[in-house]
Amino acid sequence: MPTHKWTKNSWRKFPAMQQPVWPAGSALEDSLKPLSQLPPLVFAGECNTLKEQLAEAVEGRAFVLQCGDCAEDFSRCTGPDIRELLKVILQMSVVLAYAGEKRVVKIGRIAGQYAKPRSSDTEVVNGVEIASYRGDMVNSPEANAEARMPDPRRMLEGYYRAAATLNLVRSFTLGGYASLDRVQAWHRASLDALPAGQKYEELVRQIWKTMNFMNAIGLDPKHNPQLNQTTLYTSHEALLLDYEEALTRMDSTSGGWYDCSAHMLWIGDRTRQLDGAHVEFLRGVKNPLGMKVGPSHNADEIKRIIERLNPENEAGRLTLITRFGADRIDSYLPQLLREIKITGHKVVWTCDPMHGNTYQNEYGQKSRKFEDILREIHSFYEIHEAEGTVPGGVHLELTGDHVTECTGGSRQLLDKHLHLNYQTNCDPRLNAEQSVELAFELAEMLTPPAR
Ligand code: PEP
Ligand code: CO
């Protein structure tokens with residue numbers, strides 16, 4: 001255990017991977033100062049409630065649906081974009097809640113997912129080497145040297161866009177847009193449009209039947225806020241430590257420190273070094289945390305990071321997000337589950353079936369196959385069953401838009417179709433249809449055996 005005292009800037013004494021090299025001069029300070037004074041985006045009480053709900057997932061009494069963009073795009077911070085993403089998340093969560101018979105904890109990769117780790121600092125475009133795109137909060141995706149210059153003013157811009165996004169999310173989720181009867185109507189429309197829609201008819205019919213029954217006994221959305229309001233928590237990778245530090249505030253009621261840029265923060269697979277700056281920073285904030293774990297991990301190091309991030313073994317504090325790939329999960333997950341189980345650490349286990357299944361197609365696009373995504377989730381469930389551990393949910397990259405970035409799904413998208421609407425600045429996302437379809441497929445896995 002570290003003996004030095006944590007402060008919101010103690011991370012500065014540790015090596016920080018994946019940080020932009022900001023230009024010399026006062027521009028960085030000119031952004032960080034206002035950021036440290038602007039209102040927090042979330043409040044400590046909300047983070048604590050999320051932690052309590054995640055604690056339920058440790059025991060298998062709740063299902064975690066964490067999903068959204070790989071990299072949010074400033075230019076996509078619009079009403080329709082936010083609405084369509086929310087719509088997909090709500091549709092998925094109703095199917096999953098019905099099938100799994102448990103609460104679905106909805107956490108968006110939204111309202112702040114603006115910074116990306118990259119495997120290489122530079123890339124070659126048309127024979128010229130330029131800096132890699134690191135997320136809209138750092139530089140711009142256009143492929144020229146000027147656009148790729150890190151600009152700290154983008155952090156302020158990111159804050160304002162996160163605030164605007166969260167504002168609309170809160171109005172939609174509290175103002176009636178999430179009403180259950182509305183979600184059912186969306187399902188109807190989705191199934192009509194989906195080539196394999198019929199396959200899921202029965203499930204949607206059962207949900208209707210349940211709702212009609214509830215209405216019949218007076219539990220209608222108009223008179224019961226539980227049926228027309230919901231919560232979508234926010235999350236992003238806590239990558240840009242300058243920004244995260246500036247948004248870190250002391251909660252005046254408990255005296256604890258919270259990173260008020262989002263409800264939940266996670267550490268990426270590339271920045272989770274035991275003695276690195278990211279682990280140092282996050283150990284001191286009281287938000288629920290996530291940590292990605294991929295094939296390059298060392299189980300002993302993971303155990304030590306868990307102890308450092310969650311020394312009190314508080315259930316709900318830490319979610320391990322495994323991302324091995326459909327072909328590799330069998331060789332990594334069972335061993336990791338055993339090692340962590342022996343220690344008695346209470347963690348939520350979720351499956352990120354995206355980052356281990358990325359490939360580059362013959363046209364140079366990054367893509368993922370719907371069937372690989374589903375296969376990794378299947379294996380995740382089977383392995384947990386075999387090991388006697390609890391699968392807590394999924395972590396997905398998706399959008400409410402009709403993009404063509406991942407192949408497969410019942411529309412049978414092929415690599416040669418992806419140019420039709422390939423939009424992502426970073427990783428390929430499931431489109432709205434593929435996301436809803438995935439939820440229906442998942443529903444089969446989650447349905448408890450008949451009593
Ligand atoms: C991500 O979630 O977008 C990401 C970069 O993941 P990982 O850290 O698992 O590679
Ligand atoms: Co990604």
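Cut-off values and rules
- Residues numbered from 1 in each chain as written.
- Chains lettered and ligands numbered in written order.
- Predicted model: local features only at pLDDT ≥ 70, side-chain atom pairs only at ≥ 80, totals over all residues.
- Heavy atoms only, no water.
- Helix = DSSP H or I, 4+ residues; strand = E, 2+ residues; numbered from the N terminus.
- Rg over C-alpha atoms; globule rule 2.2 N^0.38 Å.
- Buried < 20%, exposed > 50% of the residue type's maximum accessible area, 1.4 Å probe, protein only.
- Contact = heavy atoms within 4.5 Å.
- Areas by Shrake-Rupley, 256 points an atom, 1.4 Å probe, with all protein chains shown as cover.
- Donors = N, O, S within 2.8 Å, 3.2 Å for Na, K, Ca; no water.
- Polar contact = N/O pair within 3.5 Å; in protein donor to acceptor, adjacent residues only side chain to side chain.
- Salt bridge = Lys/Arg side-chain N within 4 Å of Asp/Glu carboxyl O.
- Pairing = 2+ DSSP bridges.
- Near = heavy atom within 4 Å.
- Nonpolar A, V, L, I, M, F, W, Y, C, P; charged D, E, K, R; others polar.
- Core = buried A, V, L, I, M, F, W, Y, C linked by side-chain atoms within 4.5 Å.
- 1 Å grid on protein atoms, 1.4 Å probe; cavity = no way out; pocket = protein on both sides within 12 Å on 5 of 7 lines; lining within 4 Å.
- Points joined across faces, edges and corners; volume = space filled by probe spheres on them.
- Axes fitted to C-alpha atoms, helices over the stretch in contact; angles between N-to-C directions.
- Parallel < 35°, antiparallel > 145°, perpendicular 65-115°, else oblique.

Student: Let's hear about the overall build of the protein chain: which residues, and what values?
Tutor: The helix and strand inventory of the protein chain stands at 13 helices and 14 strands. Its C-alpha radius of gyration of 21 Å places the protein chain within 12% of the 22 Å reference for a compact globule of 451 residues. Oriented by its inertia axes, the alpha-carbon framework of the protein chain measures out at about 65 × 50 × 45 Å. In the protein chain, which comprises 451 residues, the share counted as buried stands at 59%. A separation threshold of at least 6 residues defines the contact pool for the protein chain, and within that pool the share at least 24 residues apart is 77%. Carbon and sulfur atoms make up 50% of the accessible area of the protein chain, which amounts to about 19000 Å² in all.

Student: Give me the lowdown on the coordination of the cobalt ion (ligand 2), citing residues and values where you can.
Tutor: Within the protein, the cobalt ion (ligand 2) binds to Cys 70 (SG), His 355 (NE2), Glu 397 (OE) and Asp 427 (OD); these donor distances fall in the range 2.1 to 2.5 Å. When the donor residues of the cobalt ion (ligand 2) are listed from N- to C-terminus, their spacing reads C-x284-H-x41-E-x29-D. With Cys 70 in the loop between strand S1 (62–68) and helix H3 (79–100) and His 355 in the loop between strand S11 (348–351) and strand S12 (359–360), this pair connects stretches of sequence that are 285 residues apart. Each member of the pair, Cys 70 as well as His 355, is classed as buried.

Student: Give me the lowdown on the side chain of Glu 397, citing residues and values where you can.
Tutor: Its location among the elements puts Glu 397 in strand S14 (residues 391–397). Looking at Glu 397, its side chain comes within polar contact range of the side chain of His 355, at 2.8 Å. If we ignore the near neighbours within four places in the chain, the residues touching Glu 397 are Gly 68, Cys 70, Arg 109, Met 354, His 355, Arg 368, Asp 427, Pro 428, Arg 429 and Leu 430.

Student: Outline the pattern of salt bridges, listing residues and values.
Tutor: This model, assessed by the stated rule, comprises 34 salt bridges. Arg 161 is the partner of Glu 157 in a salt bridge, and the nearest nitrogen-oxygen pair spans 2.7 Å. On the criterion of helical spacing, the pair formed by Glu 157 and Arg 161 is a turn pair, its members being four residues apart in helix H4 (residues 153–174). Within this structure, Arg 109, Lys 366, Arg 368, Glu 397 and Asp 427 form a network of salt bridges that share partners.

Student: Give a detailed account of the pairing of S14, specifying residues and quantitative values.
Tutor: Taken across its seven residues, S14 has six buried, putting it largely inside the fold. One ladder, built from five bridges, connects S1 with S14; its direction is parallel. Paired with Gln 66 across the strands is His 395, a residue of S14. As paired strands, S11 and S14 are joined by three bridges and run parallel to one another. Directly across from Thr 350, in S14, lies its bridge partner Gly 393.

Student: Could you give me a rundown of the site of ligand 1, with the residues and numbers involved?
Tutor: Every residue near ligand 1 is listed here: Cys 70, Arg 109, Lys 116, Pro 117, Trp 266, Gly 268, Asp 269, Arg 270, Lys 292, Arg 323, His 355 and Glu 397. One nitrogen or oxygen atom from the side chain of Lys 292 is found 2.7 Å from an oxygen atom belonging to ligand 1. In this structure, His 355 approaches ligand 1 through a side-chain N or O atom, which is 3.0 Å from an oxygen atom. Burial of ligand 1 by the protein chains amounts to 98% of its free accessible area of 300 Å². Its residues placed into classes, the shell around ligand 1 shows three nonpolar, two polar and seven charged.

Student: So what about the nonpolar core? Which residues, and what values?
Tutor: Core analysis: the largest hydrophobic core is formed by 109 residues, its most contacted members being Leu 35, Leu 65, Tyr 243, Leu 282, Ile 377 and Leu 396. A per-element tally of this core places H3 first, with 11 residues. With residues up to four places along the chain from it excluded, the contact list for Tyr 243 reads Leu 32, Leu 35, Leu 41, Met 137, Met 155, Tyr 159 and Ser 261. By size, the runner-up hydrophobic cluster in this structure holds 11 residues, among which are Leu 50, Val 58, Ala 62 and Met 264.

Student: Tell me about empty space enclosed by the protein, residues and numbers included.
Tutor: One simple way to see leftover space: roll a probe sized like a water molecule over the atoms. In this structure the tally under the stated criterion is one cavity of 30 Å³ or more. Empty space within the largest cavity amounts to approximately 30 Å³. Contributing to the lining of the largest cavity are Gly 112, Ala 115, Met 137, His 236, Glu 237, Leu 239, Leu 240, Tyr 243 and Glu 244. For the lining of the largest cavity, the secondary-structure elements that each account for two or more residues are strand S5 (233–237) and helix H8 (241–246). When the residues that make up the lining of the largest cavity are grouped by side-chain class, the tally is five nonpolar, two polar and two charged.

Student: Quick one: what's the story with the packing of H3 against helix H6 (residues 201–216), residue by residue and with numbers?
Tutor: H6 packs onto H3 with a crossing angle of 80 degrees between their chain directions and a minimal axis gap of 11 Å. Regarding the angle of H3 to H6, the classification is roughly perpendicular. Here H3 contributes Val 94, Val 95 and Tyr 98 to the contact with H6, which in turn contributes Leu 203, Gln 206, Ile 207 and Thr 210. Counted by class, the contact of H3 with H6 contains five nonpolar, two polar and no charged residues.

Student: I'd like a description of the sheet that holds S5, backed by residues and values.
Tutor: Hydrogen bonds along the backbone pair up the strands of a sheet, which may run parallel or antiparallel. Spatially, eight strands are ordered S1-S2-S5-S8-S9-S10-S11-S14 in a closed barrel, and the strand pairing comes out parallel. Sheet twist, expressed as the mean angle between neighbouring strand axes with direction ignored, is 25 degrees. Here five bridges tie strand S9 (residues 289–293) to strand S10 (residues 318–322), and the two strands are oriented parallel to one another. Within the sheet, the bridge partner assigned to Lys 292 lies in S10 and is Ile 321. Most of the contacts of helix H12 (residues 370–387) go to S14, to which it runs at about 165 degrees, and overall it touches S1, S10, S11 and S14.

Student: Can you break down unusual backbone geometry residue by residue, with the values?
Tutor: Even without glycine at this site, Glu 101 takes up a positive phi of about 55 degrees. Following the sequence through the fold, Glu 101 ends up in the loop between H3 and strand S2 (103–109). The phi angle at Gln 412 is positive, at roughly 50 degrees, despite the residue not being glycine. In this structure, Gln 412 sits in the loop between S14 and helix H13 (432–446). Take Gln 412: its relative accessible area is 57%, and that puts it in the exposed class.

Student: Tell me about the side chain of Arg 283, residues and numbers included.
Tutor: Note on placement: Arg 283 falls in helix H9 (residues 277–283). Taking the relative accessible area as the measure of exposure, Arg 283 reaches 19% and is therefore buried. In contact with Arg 283, not counting residues within four places along its chain, are Pro 2, His 4, Lys 5, Trp 6, Arg 308, Leu 309 and Arg 317.

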